[in-house]
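What follows is the residue order along each chain.
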Amino acid sequence: MQDFAPLVVGIDVGGTKTHLRALAGDALVADHVRASSGWRPHDPVAAARWLAALAADVLPAGVRPSGVAVGGHACETPRQCAQIRDALQLHFGAPALVVGDAQLLVPAAGLDKGVGLVAGTGSVAVGRLPDGTAVQVGGWGAVLGDEGGAAGLVREAARAVWAAHDRGERPDALALGLVAALEVPEVPALGAALEKATDVSAEWGRHAPVVFAAAADGSVLARTVIDEAGGALAALVTRLAARGVAVDDVVVAGGTVLSQPGLYDAFTVALAETVPTARARPLRVPPVEGAVALAQSLL
């Protein structure tokens, strides 16, 4: 197969699942999804070994790629990504590129510049300066950041409910929903229940549907939390614009923002107010297509 067209491999390593796609010219050689368990991006050697093992499992025997590009969840700095790339090139003996997974969105959308914005369990936005330097904002985890992601929504919902409790207000649909979801008897017990989480992002984030259900039931608190979350996502784009990133196109991905029209609408309204020239573009193809495009650019 490689006698006729070079093989390129693109890998999107998300927080939950990993998607590998390989092409030889226009011919699809492999398309495989598996769990991301075992991905250790803060150990470059282990991360490269994990990626190489994935490729060995999926690619036809004896086939070697001519270019490999990876978008890695929690690959947070250029130095970290470069270390994984260097280790990965030793495995494949071919050019490789490793970036944060949010950097796959712009090439996946067929663009050469713009912002990639993810709001799933967490939230982050990335772009590039005119000289090609990558810039990331947000993505600081559920305890301190990730506003607009599922876990951040739950954190801010709990704060809103506690504030209402302190004002002497009766529990509304949001308060009752959180109490039921976290299986506690009353609002003051929410804090202890949230603090028990061992995987904060995942365990808090799974309760995000409560916030949207409460808004649908008429909770003003929930609606305010969602609107503020949309504003926080727009603020990520504003920060990138202030640092010199081209933000005319904002490619949006992530299960939370794309599955909840209320949050997406709040984001686009806030974006129109803060960066009027920016245009939101929901990503309608798998982000792995961006990894494939980056791999093809290495040939």
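Quick caveat: nothing in here was measured; it's all calculated off a predicted structure.

Parameters at a glance
Residues numbered from 1 in each chain as written. Predicted model: local features only at pLDDT ≥ 70, side-chain atom pairs only at ≥ 80, totals over all residues. Heavy atoms only, no water. Pairing = 2+ DSSP bridges. Helix = DSSP H or I, 4+ residues; strand = E, 2+ residues; numbered from the N terminus. Axes fitted to C-alpha atoms, helices over the stretch in contact; angles between N-to-C directions. Contact = heavy atoms within 4.5 Å. Disulfide = S-S within 2.5 Å. Buried < 20%, exposed > 50% of the residue type's maximum accessible area, 1.4 Å probe, protein only. Salt bridge = Lys/Arg side-chain N within 4 Å of Asp/Glu carboxyl O. Core = buried A, V, L, I, M, F, W, Y, C linked by side-chain atoms within 4.5 Å. Parallel < 35°, antiparallel > 145°, perpendicular 65-115°, else oblique. Left-handed = near helix turned anticlockwise from the far one by under 90°. Nonpolar A, V, L, I, M, F, W, Y, C, P; charged D, E, K, R; others polar.

Caption draft 1: Layout of the sheet that holds strand 8 (residues 134–138). Reading across the sheet, the 5 strands line up as 8-7-6-9-10 and stay open at both edges, with mixed pairing between neighbours. The open sheet terminates on both sides in strands that have one partner only, identified here as strand 8 and strand 10 (279–282). Neighbour-to-neighbour, the strand axes of this sheet turn through a mean angle of 20°, independent of strand direction. Bridge count between strand 6 (residues 115–119) and strand 7 (residues 123–128): 4 bridges; the pairing is antiparallel. Of the residues in strand 7, the one forming a bridge with L117 is A125. Along the sheet, helix 11 (residues 261–274) makes contact with strand 6, strand 9 (249–253) and strand 10, crossing strand 10 at roughly 155°.

Caption draft 2: Summary view of the state of the cysteines. Under the counting rule described, the total for this entry stands at 1 disulfide. Bridging C75 to C81, the disulfide has an S-S length of 2.3 Å.

Caption draft 3: Summary view of the pairing of strand 6. Within strand 6, 4 of the 5 residues are buried, leaving the element largely enclosed by the surrounding structure. Hairpin remark: strand 6 followed by strand 7, antiparallel, with 3 residues in the connecting loop.

Caption draft 4: Up close: the environment of L299. Residue placement: L299 occurs in the segment after helix 12 (288–296). Between the C-alpha atoms of L299 and R79, which are 220 residues apart in sequence, the distance is 23 Å. What L299 contacts, discounting residues up to four positions off in sequence, is P6, V8, S66 and G67.

Caption draft 5: Main features of the sheet that holds strand 5 (residues 96–100). With mixed pairing, 5 strands are arranged side by side in an open sheet as 3-2-1-4-5. This sheet does not close on itself; its edge strands, each paired only once, are strand 3 (27–35) and strand 5. Strand-to-strand twist of the sheet, defined as the mean angle between neighbouring strand axes without regard to direction, takes the value 10°. With 6 bridges connecting them, strand 1 (residues 7–13) and strand 4 (residues 67–72) associate as parallel partners. What sits directly across from I11, in strand 4, is V70. Packing of helix 1 (residues 44–58) onto the sheet brings it into contact with strand 1, strand 2 (17–24), strand 3 and strand 4, and relative to strand 3 it is tilted by some 125°. Sheet contacts for helix 2 (residues 78–92): strand 4 and strand 5; angle to strand 5, the most-contacted strand, approximately 150°.

Caption draft 6: Spatial organisation of the pattern of salt bridges. Following the criterion strictly, the structure yields 11 salt bridges and no others. Among the ionic pairs, E169 bridges to R167, the shortest N-O distance being 2.7 Å. For E169, a relative accessible area of 38% puts it in the partly exposed group. The exposed category is assigned to R167, whose relative accessible area is 51%. Three or more residues joined by partner-sharing salt bridges are found here, namely R21, D31 and E289.

Caption draft 7: Quick peek at the nonpolar core. Formed by 55 residues in total, the largest nonpolar core has its most connected members in L174, V250 and F267. No other element matches the 10 residues that helix 9 (residues 220–242) contributes to this core. Setting aside residues up to four positions removed in sequence, L174 forms contacts with A157, V161, V210, V211, A214, S219, L221 and A222.

Caption draft 8: Summary view of the pairing of strand 8. Where strand 7 lies against strand 8, 5 bridges are found, and the strand directions are antiparallel. Its bridge partner being in strand 8, V124 is matched across the sheet by G138.

Caption draft 9: Representation of the packing of helix 4 (residues 150–166) against helix 8 (residues 208–216). Where helix 4 contacts helix 8, the axes come no closer than 8 Å and their chain directions differ by 60°. With respect to each other, helix 4 and helix 8 are oriented oblique. The two elements helix 4 and helix 8 cross, and the hand of that crossing is left-handed. Each of A150, L153, V154 and A157 in helix 4 lies in contact with helix 8, whose residues at this interface are A208, V211 and F212. The residue makeup of the contact of helix 4 with helix 8, split by class, is 7 nonpolar, no polar and no charged.

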